[in-house]
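Per-entry structural report
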Amino acid sequence: QVQVVESGGGLVQAGGSLRLSCVASVNIFTIYTMGWYRQPPGKQRELVADVRGGDMTNYADSVMGRFTISRDNAKKTVYLQMNSLKPEDTAVYYCNARNRLRPSNEYWGQGTQVTVSP
């Protein structure tokens, strides 16, 4: 069983920055795609960014150029650096780990709240 735990959310003013962290219980980065999703109030969960083997990254259009996903294999940690935050970035942010060979094997964190004030 894999566990992922997020941290780093909080309240920030528009234009500010936050860095989210997601620690995995085991080193799974070689076969798992690690992603950050978010769920704004009253809306569906959406992909923010993910990183695959070989450090291939993918971003939602809405965060391109402002957010950066990265990982530290030794620390079993994935980061989401969020700059130039906007009120519309307000959401609960979730870490996801999905087995690239068996996509049905995926794990979610408990979520961390990010609130951006105008």
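Structural data are supplied above this passage.
Quick summary incoming for the structure in this document. (Residues numbered from 1 in each chain as written. Predicted model: local features only at pLDDT ≥ 70, side-chain atom pairs only at ≥ 80, totals over all residues. Heavy atoms only, no water.)

1. Here's the deal with the packing of aromatic side chains
Here the distance between the centres and the angle between the planes together describe a pair of aromatic rings. Scanning the model with the defined rule gives 3 aromatic pairs in all. Ring geometry for Tyr32 versus Tyr107: centroids 6.3 Å apart, planes at 40°, classification tilted. Taken as a pair, Tyr32 in strand β4 (residues 32-39) and Tyr107 in strand β10 (residues 106-108) lie far apart in primary sequence, 75 residues in all. Between Tyr94 and Trp108, the aromatic rings sit 6.4 Å apart at their centres with planes inclined by 85°, giving edge-to-face as the arrangement. Within this pair, whereas Tyr94 is found in strand β9 (residues 91-99), its partner Trp108 is found in strand β10, the two being separated by 14 residues in sequence. Ring-pair connections join several aromatic residues into one group, and the members of that group are Tyr37, Tyr94 and Trp108. The positively charged end of Arg45 is found above the aromatic ring belonging to Tyr94, 3.7 Å away from the centroid. Taking NZ or CZ as reference, Arg45 lies 4.5 Å from the ring centre of Trp108, over its face. (Phe/Tyr/Trp six-rings, centres within 6.5 Å; stacked < 30°, edge-to-face > 60°. Helix = DSSP H or I, 4+ residues; strand = E, 2+ residues; numbered from the N terminus. Lys NZ or Arg CZ within 6 Å of the ring centre and 35° of its normal.)

2. Observations regarding the sheet that holds strand β7 (residues 67-72)
The strands making up a sheet associate through backbone hydrogen bonding, with each pair oriented either parallel or antiparallel. The 4 strands are arranged β1-β3-β8-β7 in an open sheet whose pairing can be described as antiparallel. Across the chains shown, the open sheet's two edge strands, defined by having one partner strand only, are β1 (4-7) and β7. Direction aside, neighbouring strands of the sheet carry axes that sit 15° apart on average. Looking at chain direction, β7 and strand β8 (residues 77-82) are connected through 6 bridges and run antiparallel. Across the sheet, residue Phe67 finds its bridge partner in β8, namely Met82. (Pairing = 2+ DSSP bridges. Axes fitted to C-alpha atoms, helices over the stretch in contact; angles between N-to-C directions.)

3. Topic: the environment of Ala97
Looking at the secondary structure, you find Ala97 in strand β9. For Ala97, a relative accessible area of 0% translates into the label buried. Once the C-alpha coordinates of Ala97 and Asp50 are considered, the two residues, 47 residues apart in sequence, prove to be 9.5 Å apart. Not counting the four nearest positions on each side in its chain, Ala97 is found in contact with Val4, Ile28, Tyr32, Thr33, Met34, Asn105, Glu106 and Tyr107. (Buried < 20%, exposed > 50% of the residue type's maximum accessible area, 1.4 Å probe, protein only. Contact = heavy atoms within 4.5 Å.)

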